[in-house]
Amino acid sequence: ISRCKYDDRSSVKVANYSSFFVAVMISMTLYVFTASLVSGYYSTFKKFGIGKAIDSRPLKKNQIRAELAWGLCTSFNSGVLLWTSATFLPLPLYPESTSAAILQVATFILIYDFYMYGSHRLLHTAAMSKFHTRHHKAISATPWSCLSMHPVEAIINYLPFFLIPAILPISLAVLLGIYAYLLFGIAIGHSNYSLLSDSN
């Protein structure tokens with residue numbers, strides 16, 4: 001009996017380690033995929049003369065390499081927070097209905113917007129600005145800049161993905177969908193490219 005119990009505990013540990021690895025790898029892969037997709041998207045428009053760069057100043061030496069390194073660090077941290085939510089919170093896998101999904105998305109985005117406004121103001125204070133300077137290192141932003149931030153800022157920015165589900169009923173599918181949607185949005189927001197501008 002004790003052997004069986006030991007084996008059960010071992011299986012749980014292996015499952016936890018595996019799920020942790022999978023969560024982190026998904027988060028990091030999603031960052032690389034999204035930044036690559038947005039970069040390619042705007043490069044294609046540039047080749048066809050559609051739109052133009054907002055800031056035409058050249059990139060810093062090794063800028064994208066540095067942004068990639070910091071971005072992977074940030075996506076590691078966000079993966080840990082998502083794994084923590086999925087592992088330690090009683091999250092249902094899917095919403096009960098379409099209306100429930102809409103309500104969950106709307107509630108999360110509303111709270112998240114207020115949170116991010118407050119946290120961004122906080123990061124621009126004298127006491128916290130040292131954690132925000134990493135994100136402003138780029139002269140000309142790139143899609144890779146979107147997650148280029150200090151680990152403290154990364155934890156502050158992605159803490160809602162644990163705090164909100166801890167308070168409100170949100171399904172894991174909705175949480176992951178919002179995460180991917182926001183990542184895509186901030187990659188576009190940091191693309192330094194406008195489709196509405198004349199390239200000539």
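1. Quick word on the side chain of Thr142
Working step 1: Within the secondary structure, Thr142 is located in the loop between α3 (98-123) and α4 (151-158).
Working step 2: A residue is classified by how much of its surface remains accessible, and Thr142, at 6% relative accessible area, is buried.
Working step 3: Polar side-chain contacts of Thr142 include one of 2.7 Å to the side chain of Glu67.
Working step 4: Sequence-distant contacts of Thr142, defined by excluding residues within four places in its chain, comprise Leu59, Gln63, Ile64, Glu67, His190 and Ser191.

2. Let's talk about helix α6 (residues 172-189)
Working step 1: With 18 residues, α6 should cover 26 Å at 1.5 Å per step; its first-to-last C-alpha distance of 26 Å lies within 8% of that length.
Working step 2: Within α6, the full set of buried residues consists of Leu172, Val174, Leu175, Ile178, Tyr179, Leu182, Leu183 and Ala187.

3. Comments concerning the packing of aromatic side chains
Working step 1: All told, the structure shown has 13 aromatic pairs when counted by the stated rule.
Working step 2: Where Phe108 meets Tyr112, the ring centres are 5.8 Å apart and the plane angle is 20°; that geometry is what we call stacked. Note that Phe108 and Tyr112 are positioned in helix α3 at a spacing of four residues, about one turn of the helix.
Working step 3: Take Phe108: its relative accessible area is 0%, and that puts it in the buried class.
Working step 4: The exposure class assigned to Tyr112 is buried, which follows from its relative accessible area of 10%.
Working step 5: Among the aromatic residues, those joined into a ring-pair cluster are Phe108, Tyr112, Tyr158, Phe161 and Tyr179.

4. So, unusual backbone geometry
Working step 1: A positive phi is found at Asn62, a non-glycine position, where the angle reads about 60°.
Working step 2: Examined against the element boundaries, Asn62 turns out to sit in the loop between β1 (50-53) and α2 (63-88).
Working step 3: Using a relative accessible area of 42% as the deciding quantity, one classes Asn62 as partly exposed.

5. A closer look at the confidence of the model for the protein chain
Working step 1: Summarising the model, the protein chain shows a mean pLDDT of 90, and 91% of its residues fall at 70 or more.
Working step 2: When the elements of the protein chain are averaged for pLDDT, helix α1 (residues 2-47) gives the smallest value, 80, and α3 the largest, 97.

Definitions and cut-offs
Residues numbered from 1 in each chain as written. Predicted model: local features only at pLDDT ≥ 70, side-chain atom pairs only at ≥ 80, totals over all residues. Heavy atoms only, no water. Helix = DSSP H or I, 4+ residues; strand = E, 2+ residues; numbered from the N terminus. Buried < 20%, exposed > 50% of the residue type's maximum accessible area, 1.4 Å probe, protein only. Polar contact = N/O pair within 3.5 Å; in protein donor to acceptor, adjacent residues only side chain to side chain. Contact = heavy atoms within 4.5 Å. Expected span 1.5 Å × (residues − 1). Phe/Tyr/Trp six-rings, centres within 6.5 Å; stacked < 30°, edge-to-face > 60°. pLDDT = per-residue confidence, 0-100.

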